[in-house]
There are 4 protein chains.
Amino acid sequence: MKISVVYHSGYGHTAEQAKAVLRGVQSVSGAEALLIPVAEIEQHWDNLEQSAAIIFGSPTYMGSVSAEFKKFMDASSKVWFTRKWQDKLAAGFTNSASQNGDKQNTLTTLAVFAAQHGMIWASLGLPPGNHDSKGSANDLNRLGSALGAMAQSNADQGTESGPSPSDLKTAEYLGQRVATLAARFVRR
Amino acid sequence: MKISVVYHSGYGHTAEQAKAVLRGVQSVSGAEALLIPVAEIEQHWDNLEQSAAIIFGSPTYMGSVSAEFKKFMDASSKVWFTRKWQDKLAAGFTNSASQNGDKQNTLTTLAVFAAQHGMIWASLGLPPGNHDSKGSANDLNRLGSALGAMAQSNADQGTESGPSPSDLKTAEYLGQRVATLAARFVRR
Amino acid sequence: MKISVVYHSGYGHTAEQAKAVLRGVQSVSGAEALLIPVAEIEQHWDNLEQSAAIIFGSPTYMGSVSAEFKKFMDASSKVWFTRKWQDKLAAGFTNSASQNGDKQNTLTTLAVFAAQHGMIWASLGLPPGNHDSKGSANDLNRLGSALGAMAQSNADQGTESGPSPSDLKTAEYLGQRVATLAARFVRR
Amino acid sequence: MKISVVYHSGYGHTAEQAKAVLRGVQSVSGAEALLIPVAEIEQHWDNLEQSAAIIFGSPTYMGSVSAEFKKFMDASSKVWFTRKWQDKLAAGFTNSASQNGDKQNTLTTLAVFAAQHGMIWASLGLPPGNHDSKGSANDLNRLGSALGAMAQSNADQGTESGPSPSDLKTAEYLGQRVATLAARFVRR
């Protein structure tokens, strides 16, 4: 059961998030995890076609997916035409410097994109963390996202400072969840 | 395998669409279909909890779900708290008088709502119809939606005139698709 | 120059945010500020018609505006029909327990609603706070919103604990901004 | 009073829509209209800075703005940092082959983008056409959009067949509206 993580990262933060998603996938027995930067997409279209699930990840730039990630989305119109991703599982994650920073519009855009391909969208599946007096920024899903995994990394710091451990654990949870759901979904 | 269709309809058009979704569900062997108007929701929370999939339908009023449907969404916060819909399949449909009329915001709102419950969103799964010189308003998915099923009904006419047969067939397709996916997903 | 703040609040947090918006409006010379809870909307339709700007506020419940606020939105369809809010300024704010919690979908829904009325949407107009190593939760726009003002209040605490002073200052900024823009826009 | 129309077009349809928006701008006395394809953006940043309003146009590809248009959006982060577009008017338009085809997500993405720049979003300002028994595809705003102007062009036909005259008139209306609002807004 192949599961692919397709992502773009401008400064390395989203790449860290992608690697955390990958670790989550790998923690599920029987899942073969592939990490695909969009710059290398041309050699991976067959892998995507063979995947039971594809997890999409992009930084949020100016309120939506990065241009580099959008280029991959647009290039997938050939696959769209032949419906080769129909009924596959999909999920998404995003990182930006702002706490909120319009990350939800990125996740919505990824979910709409997956829907155009006829895919099935796995939500993050976690209740919000850090939303009451007992919560903290160390909670899983501390940003309170529902459609996918969100991470925040300071604009002036490198990957040694962000995403935070809790955001990376949240990403890992998403990878594990998608692999678990895919196993259940593909078994026939 | 119980599959529930929860809907609100102000003037009957969305109710016709809901019935079409129900017919689609019923066409799949082994699926027990329930049609639940939001006005009767109080007696159906257990049914929703026992359902493998819940399909949400609302007219688009002023750019989003109707207040009546939103009341149901808000009331579901009790279920949200106990995560009883976690990992269930979800899908959505909407009707409005305009061709587009911000119906996509309604479907996005339903998908976000389902994601808050930890559900898995089944897209419509149809390529767009009526989008080239060979197309017509009789095509399946003539409005070209991806997240769910859309229908259009004239503002000054009753259910004898709308939704159109193609919109009802599109709704039926959604019901059949969700039941088929649910059967595959729940079988273990 | 009348400027109205129409809001719903379930537990008081959004009401505090609304009052902060109102203070911002009142800080602008020549602005007459009105605070209108949706429960009293029936006696205020004329006030809205006479307003140069209307600022909409709702808690985010289950990923969108509350049912009570949606009821007001749906009731405004009469005004929509006669285009009485055409070209007025609009803006929005929302509060929820989660840091993010799908608040962006609420603001998008408010912006689409205003667009249906032919209104002109004033963004928050603040760069994100708390997004680099020098930032903190005390920054203006600490949640990093763009379409409108966001606030966060813990789920298990009353209005003595939230929204935070920075969120209230952000709301105040929005009120001041809208009044300033309205003054510039209505002067002929 | 400079008003700029920044657009991308893959096959010429959105370019026709952009030209119609331009004609609308030019119909307003005192408005100097600029048509800027994103491929030539590098020589136009000063023009954008001097504009009272910027109208954004992109085809809808895979559910959002095209990668080429997104590249322009991302490149504008330098301007974003210095807040040079703060308080300018903004508006948007989009074309795709589907009737709906997730065009609303493109307009939402443009509105969020404008909000990040602190701009003020001018909605289309037209009630929906073709939404009752007296309507037809010849109506202004036949697709029933609110946030901006939508157009539909068949996937297998060139610009001789689409966008339709009504979609071009709708685009022209948007241009005229933005120029009129800008005149009112910049006069002090």
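For the structure itself, consult the block above.
Quick caveat, the model's predicted, so the values are computed rather than measured.

What counts as what
- Residues numbered from 1 in each chain as written.
- Chains lettered and ligands numbered in written order.
- Predicted model: local features only at pLDDT ≥ 70, side-chain atom pairs only at ≥ 80, totals over all residues.
- Helix = DSSP H or I, 4+ residues; strand = E, 2+ residues; numbered from the N terminus.
- Rg over C-alpha atoms; globule rule 2.2 N^0.38 Å.
- Contact = placed C-beta atoms within 7 Å.
- Nonpolar A, V, L, I, M, F, W, Y, C, P; charged D, E, K, R; others polar.
- Buried ≥ 20, exposed ≤ 12 C-beta atoms within 10 Å, placed from the backbone.
- Pairing = 2+ DSSP bridges.
- Least-squares fit on C-alpha atoms with pLDDT ≥ 70 in both.
- Axes fitted to C-alpha atoms, helices over the stretch in contact; angles between N-to-C directions.
- Parallel < 35°, antiparallel > 145°, perpendicular 65-115°, else oblique.
- Left-handed = near helix turned anticlockwise from the far one by under 90°.
- Expected span 1.5 Å × (residues − 1).

Caption draft 1: View of the overall build of chain A. What chain A contains, in helices and strands, is six helices and seven strands. The order of α-helices and β-strands along chain A, N terminus first, is β-α-β-α-β-β-α-α-β-α-β-β-α. Over its C-alpha trace chain A gives a radius of gyration of 15 Å, about what one expects of a compact globule, namely 16 Å for 188 residues. Along the first, second and third principal axes, the C-alpha set of chain A runs to 50 × 35 × 25 Å.

Caption draft 2: Representation of the interface of chain B and chain C in the model. The interface of chain B with chain C comprises 20 residues on the first partner and 20 residues on the second. Broken down by element, the side of chain B that touches chain C gets its largest block of residues, six residues, from helix α5 (residues 103-116) of chain B. Taken together, the residues that form the side of chain B that touches chain C break down as seven nonpolar, nine polar and four charged.

Caption draft 3: Inspection of unusual backbone geometry at higher detail. Residue A:P163 is bonded to the preceding A:G162 through a cis peptide linkage, with omega at 0 degrees. The topology assignment puts A:P163 in the loop between β7 (149-152) and α6 (165-186). Even without being a glycine, C:R83 presents a positive backbone phi close to 55 degrees. As for its placement among the helices and strands, C:R83 is situated in the loop between α4 (77-82) and β5 (89-96). Non-glycine residue C:D102 carries a positive phi angle of around 65 degrees. Looking at the element boundaries, C:D102 is found in the loop between β5 and α5 (103-116).

Caption draft 4: Representation of the pairing of strand β7 (residues 149-152) of chain C in the model. Residues and elements named next belong to chain C. Burial of the side chains of β7 extends over both faces: A149 and A151 are buried on one face and M150 and Q152 on the other. When β5 meets β7, the two strands line up parallel, connected through four bridges. Note on β7: the bridge partner recorded for S96 is Q152.

Caption draft 5: Focus on the relation of the copies chain A and chain C. It takes a turn of 180 degrees to lay chain A on chain C, together with a shift of 0.0 Å along the axis; the resulting RMSD is 0.0 Å. The superposition operator between the copies reduces to a two-fold rotation axis. Ranked by how close their C-alpha atoms come to the rotation axis, the residues of chain A are headed by A:N100, at 2.9 Å. A share of 100% of interface residues in chain A that are also interface residues in chain C marks the association as one of identical surfaces.

Caption draft 6: Looking closely at the packing of helix α1 (residues 13-26) of chain D against helix α6 (residues 165-186) of chain D. All names here are of chain D. Running from N to C, α1 and α6 cross one another at 40 degrees; their axes reach a closest spacing of 6 Å. In terms of axis orientation, α1 runs oblique to α6. Note on packing geometry: the crossing formed by α1 with α6 is right-handed. The segment α1 lies against α6, with E16, Q17, A20, V21, L22, R23, G24 and V25 engaging D167, L168, A171, E172, Y173, L174, G175, Q176, V178 and A179.

Caption draft 7: Spatial organisation of helix α5 (residues 103-116) of chain D. Residues and elements named next belong to chain D. Look at α5: 20 Å from first C-alpha to last across 14 residues, which is about the 20 Å you get at 1.5 Å a residue. Of all 14 residues making up α5, 14 are buried, and the element is well covered by its neighbours. Where α5 ends, the next residue or the one after it, G118, has phi of about 75 degrees, a positive value.

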